[in-house]
Amino acid sequence: MPATPSTLSTRLQALVKGPQFVWWLGHLTMLLCTAFYIPYWATFNSKAGAHWYSRAFLGAVVSYGVVVYKSFPQIKFEAQFLQSMLVEENVQYFLMAIFWWRSTPMIAPLIPYAVFAFFNAINYTRTTILPAFFPAGSTDPKASHAAGLSRKIQTWSEKNHGPAMALVAYVEVIGVMGSLILGAITFQSSFLSPIVYANFLRFRYFFSIHTRNAFAVIRARLDAKVVGNPSVHPQVLKAYEIARGAITRFGMAAVQQPAAPAQ
């Protein structure tokens, strides 16, 4: 005999007990608190909205914490394990979320996390929330509308995910790092912040093709404006080439680091 269909109450109880539901709530918290913080930032009153900024990143800490816990349920205090754990992408974002949570409020760091949260939240809604209310085979007339909405979400997500990740890469490379450098120069944030974030960026360079593309495009545009430009002073050109080489070596160090030893 076919299994008796579960009730809505049973499905919802099973839904909220899972760690993925907590993960989803963390993303929703990031999105809602970012939306509440933006008006304060837009009116040059970031300090008054600092509580929304902190709560947004607390949501990110929760959501990425769930992912890290599921990926590494048992922590081993061994060098090889810790090294493999610390270079994992979600661990990097988890650690940076903690860093931003306790940092001076800025709009730029919120953007990548909010974009990630948006895509994760809508896809979880499509694959889990909607089926909980309208399971496959449901006779509810609204089920067909839910199925149509699910297909629209999937199509939109697949179409826009790539461009959104490319946007995130540019924000991380230019927006966030630029904000940190400016904050350090104007004494509005710690001088250590750009150093901490530079280490994060070089790992992003290793893991993300979008980040590598962003760096390549930025370098090409700067080269076009500086290298071979007769109006640029030779000392400026030399300083640019030294800085470009140092940044390249710093980034490539992370690419070589995770390589497996020869057998």
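Residues numbered from 1 in each chain as written. Predicted model: local features only at pLDDT ≥ 70, side-chain atom pairs only at ≥ 80, totals over all residues. Heavy atoms only, no water.

In the nomenclature of an unreviewed UniProt entry, the protein corresponds to Tetra-spanning protein 1 from the organism Linnemannia exigua. According to the UniProt record, the Subcellular location (unreviewed entry) comment for the protein reads "Membrane". According to the UniProt record, the Sequence similarities (unreviewed entry) comment for the protein is "Belongs to the PER33/POM33 family." (UniProt positions renumbered as here; feature names shortened; annotations may be inferred.)

Draft legend 1. Here's a closer look at the side chain of Ser208. Its place among the elements puts Ser208 in the loop between helix 8 (192–207) and helix 9 (209–226). Within polar-contact distance, the side chain of Ser208 engages the backbone nitrogen of Thr211 at 3.2 Å. (Helix = DSSP H or I, 4+ residues; strand = E, 2+ residues; numbered from the N terminus. Polar contact = N/O pair within 3.5 Å; in protein donor to acceptor, adjacent residues only side chain to side chain.)

Draft legend 2. Representation of the packing of aromatic side chains within the structure. The full count for this structure, using the stated rule, is 22 aromatic pairs. Their ring planes at 55 degrees and their centres at 5.8 Å tell us that Trp100 and Tyr197 sit as a pair that is tilted. Linking Trp100 in helix 5 (residues 89–101) with Tyr197 in helix 8, this pair joins segments that are 97 residues apart in sequence. With a relative accessible area of 2%, Trp100 lands in the buried category. (Phe/Tyr/Trp six-rings, centres within 6.5 Å; stacked < 30°, edge-to-face > 60°. Buried < 20%, exposed > 50% of the residue type's maximum accessible area, 1.4 Å probe, protein only.)

Draft legend 3. Up close: the environment of Thr211. On the secondary structure map, Thr211 appears in helix 9. Sequence separation of Thr211 and Leu167 is 44 residues, and the distance between their C-alpha atoms is 9.5 Å. Once residues lying within four places of it in the same chain are set aside, the contact partners of Thr211 are Ala169, Glu172, Val173, Leu201, Arg204 and Tyr205. (Contact = heavy atoms within 4.5 Å.)

Draft legend 4. Main features of the packing of helix 3 (residues 50–71) against helix 6 (residues 110–133). With their axes 11 Å apart at the nearest point, helix 3 and helix 6 run at an angle of 50 degrees to one another. It follows that helix 3 is oblique to helix 6 by the angle criterion. Between helix 3 and helix 6 the crossing geometry is left-handed. Side by side, helix 3 and helix 6 meet where Tyr53, Ala56, Phe57, Ala60 and Tyr64 of the first sit next to Leu110, Tyr113 and Phe116 of the second. (Axes fitted to C-alpha atoms, helices over the stretch in contact; angles between N-to-C directions. Parallel < 35°, antiparallel > 145°, perpendicular 65-115°, else oblique. Left-handed = near helix turned anticlockwise from the far one by under 90°.)

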